[in-house]
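# Fold and geometry: a report
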Amino acid sequence: MLNEEICKLRKELNDSISSGKDYSIVYELSVRLDELIAEFYKAKLVK
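Structural notes, computed from the coordinates. (Residues numbered from 1 in each chain as written. Predicted model: local features only at pLDDT ≥ 70, side-chain atom pairs only at ≥ 80, totals over all residues. Heavy atoms only, no water.)

What follows covers the overall build of the chain. A count of helical and extended segments in the chain gives two helices and zero strands. A principal-axis box enclosing the C-alpha atoms of the chain has dimensions of 40 × 15 × 10 Å. For the chain, buried positions account for 19% of its 47 residues. Accessible area of the chain: about 3,900 Å², with a carbon and sulfur share of 56%. For the chain, the separation between the mean place of its 8 positive charges and that of its 9 negative charges on side chains is 6 Å. (Helix = DSSP H or I, 4+ residues; strand = E, 2+ residues; numbered from the N terminus. Buried < 20%, exposed > 50% of the residue type's maximum accessible area, 1.4 Å probe, protein only. Areas by Shrake-Rupley, 256 points an atom, 1.4 Å probe, with all protein chains shown as cover. Lys, Arg positive; Asp, Glu negative; His and termini not counted. Charge placed at Lys NZ, Arg CZ, Asp CG, Glu CD.)

Structure representation (structure tokens):
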């Protein structure tokens with residue numbers, strides 16, 4: 001589940017960068033992606 005969210009957000013981020021969207025949008029997506037990745041690894045360490 002978390003992995004799917006990461007893949008979806010990564011694609012959205014890449015598309016935003018490629019299409020030249022405003023930096024604030026790219027930054028927000030990047031921060032959200034970082035948070036999801038941190039959650040993913042935190043969950044892996046708990047198991």
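Evaluation of the coordinates by the stated rule reveals one salt bridge. Ionic pairing is found between Asp 15 and Lys 11, a salt bridge with its closest N-O pair at 2.9 Å. Separated by four residues within a single helix, Asp 15 and Lys 11 lie in helix H1 (residues 2-18), roughly one turn from each other. Judged by relative accessible area, Asp 15 falls into the partly exposed class, the value being 38%. (Salt bridge = Lys/Arg side-chain N within 4 Å of Asp/Glu carboxyl O.)

Taken together, the side chains of Glu 4, Glu 5, Glu 28, Asp 34, Glu 35 and Glu 39 make up a negatively charged region of the molecular surface. Every element with two or more residues in the negative patch is listed here: H1 and helix H2 (23-46). If one sorts the elements of the negative patch by residue count, H2 sits on top with four residues. On the secondary structure map, Glu 35 appears in helix H2. (Patch = residues over 30% accessible without salt bridge, like charges linked within 9 Å, V, L, I, M, F, W, Y side chains within 5 Å.)

Leu 2, Ile 6, Leu 9, Leu 13, Val 26, Leu 29, Leu 33 and Leu 36 form the largest nonpolar core, which has eight residues in total. When sequence neighbours within four positions are dropped, the list of residues in contact with Leu 9 reads Leu 29, Arg 32, Leu 33 and Leu 36. (Core = buried A, V, L, I, M, F, W, Y, C linked by side-chain atoms within 4.5 Å. Contact = heavy atoms within 4.5 Å.)

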